[in-house]
Amino acid sequence: MNVHRNAATELPGHSGNGGSAAPGTEEGFGLLVGHSDAMRRLYQQIRECAPTDDSVFLIGEAGSGKERVARTIHQQSRRSHAEFVPLFCGALSPELLESELFGDARPGFGTASREGTGYLRRAANGTLFLDDITEMNAGLQARLLQVLEARGAEPATRIVAATSMDPEEAVERGRLNDAMYRRLAQVRICVPTLRERGGDVILLAEHFLAERNAETGVVKQFTEGARDALRAHDWPGNVRELKEAVRHSHLLAANMIRIEDLPGRVSSAGPGDEDYIRVNVGTPLSEVERRTILSTLEHYDGDKKKAADTLRISLKTLYNRLKQYDHRR
């Protein structure tokens, strides 16, 4: 299908194999990992819109990988030689966001204002990624629309915007300027949730585990039981939650990553969901201590003070132990 400019276009899915994957791999495309039907459809959508100058509007749940999709669109475009500039609208105050976006000369408002160059101009000839655009207030959205409509101000900047909200609902609730939405949604892409991606869960888990093995120099593997638990979880936090779960289990496990090494919310059918840990007779005391500390921290949802108080150790000691476990070779 041809992608038409200056019209809001909902790119349809394709049932074919999606073409060739990223160079040297059959497991993904660009910066994305996955070979499910949902991801193959996404890859085809990216292939069709990336070579154009159309603005792209990404819709997907938190943690589904919208920034990686935006980066892949940039990577596959004619703009890949220029800068990809991400701006997270929900992380800044309205005043700072305005300064960073437009480069207003306001002392004390960060790099963009000090240099007199806003993110729009930094992304000239490249791509500006506006994440959580529904967190931008109405006044800033109106100003951005004026700049985009003028086109003379930032003629070479491509915009990729993203939200975890339903855009039509956001318009109705006044969270999204209707005219700006139509301007930015020349191409509209829905990023699939992890629960829609089937076998990609294990593929991604192995990918994140390989990264963690390389970072720490400690090679660990999943048991089949752990794999089953990963498959069974519905992943409300999507890819971000999976990556954190792999990091957690790598820290907790000895050599093989078992069900009880996974976060309790993932291993709901296993021992990891109970208020105890299980160790083999003869396990070194240092390993018992490590598992006890990490399991207690998990029990208290990462609250280090509560974990330290329960373990009757100082907060400093807890931090030192965590640092040691994170960097152990």
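Conventions we followed
- Residues numbered from 1 in each chain as written.
- Predicted model: local features only at pLDDT ≥ 70, side-chain atom pairs only at ≥ 80, totals over all residues.
- Heavy atoms only, no water.
- Salt bridge = Lys/Arg side-chain N within 4 Å of Asp/Glu carboxyl O.
- Phe/Tyr/Trp six-rings, centres within 6.5 Å; stacked < 30°, edge-to-face > 60°.
- Helix = DSSP H or I, 4+ residues; strand = E, 2+ residues; numbered from the N terminus.
- Buried < 20%, exposed > 50% of the residue type's maximum accessible area, 1.4 Å probe, protein only.
- Core = buried A, V, L, I, M, F, W, Y, C linked by side-chain atoms within 4.5 Å.
- Expected span 1.5 Å × (residues − 1).
- Arc of directions from axis to C-beta.
- Contact = heavy atoms within 4.5 Å.
- Polar contact = N/O pair within 3.5 Å; in protein donor to acceptor, adjacent residues only side chain to side chain.

(A) Expanded view of the pattern of salt bridges. By the definition in use, this model includes 20 salt bridges. One network of salt bridges, in which partners are shared, links Arg 258, Glu 260, Asp 261 and Arg 291.

(B) Quick look at the packing of aromatic side chains. One pass over the structure, following the stated rule, counts three aromatic pairs. With a centroid separation of 5.5 Å and 45° between ring planes, the pair formed by Phe 29 and Tyr 43 is classed as tilted. Taken together, the residues span a long stretch of sequence, with Phe 29 in strand E2 (residues 28–29) and Tyr 43 in helix H1 (residues 37–49) at a distance of 14 residues. You can call Tyr 43 buried: its relative accessible area is 5%. A centroid spacing of 5.0 Å and a plane angle of 75° characterise the contact between Phe 57 and Tyr 181, whose relative ring orientation is edge-to-face. One end of the pair, Phe 57, is in strand E4 (residues 56–59); the other, Tyr 181, is in helix H8 (residues 178–184), and 124 residues separate them in sequence.

(C) Local environment of unusual backbone geometry. Unlike most non-glycine residues, Asp 132 shows phi in positive territory, near 50°. Along the polypeptide, Asp 132 turns up in the loop between strand E6 (127–131) and helix H6 (138–150). Overall, the relative accessible area of 28% leaves Asp 132 in the partly exposed class. For Trp 235, which is not a glycine, the phi torsion comes out positive at approximately 55°. Look at Trp 235 and you get buried, because its relative accessible area is 0%.

(D) Spatial organisation of the nonpolar core. Phe 57, Leu 101, Leu 128, Leu 130, Ile 133 and Leu 144 are the most contacted members of the largest nonpolar core, which has 29 residues in total. Counting residues per element, the ones that place at least two in this core are E4, strand E5 (84–88), helix H3 (94–102), helix H5 (119–122), E6, H6, strand E7 (158–163) and H8. The dominant element in this core, judged by the number of residues it contributes, is H6, at five residues. Among the nonpolar cores identified, the runner-up in size contains 22 residues, and Leu 194, Ile 202, Ala 253 and Ile 257 belong to it.

(E) Fine view of the environment of Thr 193. As for its placement among the helices and strands, Thr 193 is situated in the loop between strand E8 (187–190) and helix H9 (200–216). Taking C-alpha positions, Thr 193 is 8.5 Å from Gly 63, a pair spaced 130 residues apart along the chain.

(F) H6, seen in detail. The end-to-end C-alpha distance of H6 is 18 Å, a good match for the 18 Å that 13 residues give at a rise of 1.5 Å each. Every buried residue belonging to H6 is among Leu 140, Gln 141, Leu 144, Leu 145, Val 147 and Leu 148, and all of these are buried. For H6, the arc enclosing every buried residue in end-on projection is 165°, short of the 170-degree limit, so these residues lie on one face. Exposed side of H6, more than 90 degrees from the buried face: Ala 138, Gln 146 and Ala 150 are the residues found there. The elements touched by buried residues of H6 are H3, H5, E6, E7 and H8. Of the residues flanking the start of H6, the one acting as N-cap is Asn 137, its side-chain oxygen 3.2 Å from the backbone nitrogen of Gly 139.

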